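What follows is each chain in one-letter form.
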Amino acid sequence: MTVLMSEMTWDEYEKKVKDSVIFLPVGATEQHGYHLPLGVDFYQIEKLSELVAENVNGIVAPTIQYGYKSQPHSGGGQIFPGTTSLSAQTLILLVKDILLEFIRHGATKFAVMDGHYENKMFLAEAIDLVLKEANRDDIKVVKCCFTDMLDEEVVTKLFPNGFPGYDLEHAALIETAMMCHFYPNLVHKEKIISEQADNLPRYEIFPQPEGIVPNSGVLADPIHGTAASGKIIIENLVKNYVEMIETEF
Ligand code: ZN
Ligand code: MN
């Protein structure tokens, strides 16, 4: 049987909702270099959520395909055509409204699956407001960004020359590898540029000046992102997410 809420009928959903963990994938619509599509952040987290939900008999809610504004240090910034973002208030209220609806349906167990670095604190805020408004002691929510769920030894193996950090891992090795595994047809391998963000100051500047991020939008070198490494990453993530669900619920 499907784990996707969008494919269930209301009575199928009703039978599962009280006992299941509800996964809410939250991504972004954002530039990912010349070689990856704008939907990377929501494609990946949706697929991951599905794989995890299948292992724990969960329900995957329809993905939120937009996220908080792209920042130069973690997504290249808002200067790229196609990067389409929400304000903080919109994201917070959107996530809050959706979670409160699931609570109204009888759900009590939630995993907010973050696929976009910049969403982090606004998802925390949404969850905090939900708990206050619901005002019950039987509701539990776990949340994390997928990059926080990778084991150190996997990262060390994938980056023998040193890890640039998860913020700079934008349109870079990890995302290229995962997309090669999940959606090989959407990866334009011939357009991969071996580039990295060398001009980013350590501080932030508003408005974003020209030239602090590479023209391609890639922030760290994607060249070694392959389907084989994607498989390693995804298997490790699914294992750790399943462990999280089994530990917490
Ligand atoms: Zn991304
Ligand atoms: Mn992103």
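Here is a short report on the structure shown in this document. Note that the structure is a prediction, hence the values are computed from the model and not measured. (Residues numbered from 1 in each chain as written. Chains lettered and ligands numbered in written order. Predicted model: local features only at pLDDT ≥ 70, side-chain atom pairs only at ≥ 80, totals over all residues. Heavy atoms only, no water.)

1. Side note on unusual backbone geometry
In plain terms, the rule: In this description a helix means any DSSP run of H or I spanning at least four residues, a strand means any run of E spanning at least two, and both kinds are numbered starting from the N terminus. Working definition: with a 1.4 Å probe on protein chains only, accessible area under 20% of the residue-type maximum means buried, over 50% means exposed, and in between means partly exposed.
A cis amide bond links Phe-206 to the next residue, Pro-207, at an omega of -5 degrees. Residue placement: Pro-207 occurs in the loop between helix 7 (173-182) and helix 8 (227-248). In this structure, Asn-57 takes a positive phi of about 55 degrees despite not being glycine. Relative to the elements of secondary structure, Asn-57 occurs in the loop between helix 2 (40-56) and strand 2 (59-60). Residue class for Asn-57 comes out exposed when judged on its relative accessible area of 51%. In the Ramachandran plot, Asn-135 falls in the positive-phi region, its phi being about 50 degrees despite a non-glycine side chain. Turning to its location among the elements, Asn-135 is positioned in the loop between helix 5 (120-134) and strand 4 (140-145).

2. Structural notes on the pattern of salt bridges
Threshold: Salt bridges, as used here, are contacts in which a Lys or Arg side-chain nitrogen is within 4 Å of a carboxyl oxygen on Asp or Glu.
Counted according to the given criterion, the structure contains seven salt bridges. Across the salt bridge formed by Glu-101 and Arg-104, the nearest N and O atoms sit 2.8 Å from each other. Residue Glu-101 and its partner Arg-104 are located together in helix 4 (residues 88-105), separated by three residues, close to a single helical turn. Judged by its relative accessible area of 36%, Glu-101 falls in the partly exposed class. Judged by its relative accessible area of 59%, Arg-104 is exposed.

3. Regarding the coordination of the zinc ion (ligand 1)
Put simply, the rule is: The donor definition counts N, O and S atoms within 2.8 Å of each metal and applies 3.2 Å to Na, K and Ca; water is not among these atoms, so some sites may look incomplete. For a four-donor site, all angles between 85 and 135 degrees give tetrahedral; for four or six donors, opposite pairs above 155 degrees with the remaining angles between 65 and 115 give square planar or octahedral; all remaining cases count as irregular.
Around the zinc ion (ligand 1), the protein contributes the donor atoms His-32 (NE2), Asp-41 (OD), Glu-175 (OE) and Glu-175 (OE), at 1.9 to 2.8 Å from the metal centre. For the zinc ion (ligand 1), the four donor atoms in the first shell make angles of 52 to 144 degrees at the metal, a pattern classed as irregular. Here the donor residues of the zinc ion (ligand 1) are spaced in sequence according to H-x8-D-x133-E. In this structure the manganese ion (ligand 2) is found 3.4 Å away from the zinc ion (ligand 1), and Asp-41 serves as a bridging donor for the pair. Of the two residues, Asp-41 sits in helix 2 while Glu-175 sits in helix 7, which places them 134 residues apart along the sequence. Given a relative accessible area of 2%, Asp-41 falls into the buried group.

4. Some words on the environment of His-32
This is how the line gets drawn: Residue contacts are counted whenever heavy atoms from the two residues lie within 4.5 Å of one another. Counting of polar contacts relies on pairs of N or O atoms within 3.5 Å, with two restrictions inside protein: one atom must be capable of donating a hydrogen and the other of accepting it, and residues adjacent in sequence are counted only when both atoms are side-chain atoms.
With respect to the helices and strands, His-32 occurs in the loop between strand 1 (21-26) and helix 2. Classification of His-32 by relative accessible area gives buried; the value is 1%. Once the C-alpha coordinates of His-32 and Lys-47 are considered, the two residues, 15 residues apart in sequence, prove to be 18 Å apart. When sequence neighbours within four positions are dropped, the list of residues in contact with His-32 reads Pro-37, Leu-38, Val-40, Asp-41, His-170, Ala-171 and Glu-175. Among the polar contacts made by the side chain of His-32, one reaches the main-chain carbonyl oxygen of Glu-30 at a distance of 2.8 Å.

5. Details of the coordination of the manganese ion (ligand 2)
In this structure, Glu-30 (OE), Asp-41 (OD) and His-116 (ND1) serve as the protein donors to the manganese ion (ligand 2), at separations of 1.9 to 2.3 Å. Sequence positions of the donors to the manganese ion (ligand 2) reduce to the motif E-x10-D-x74-H.

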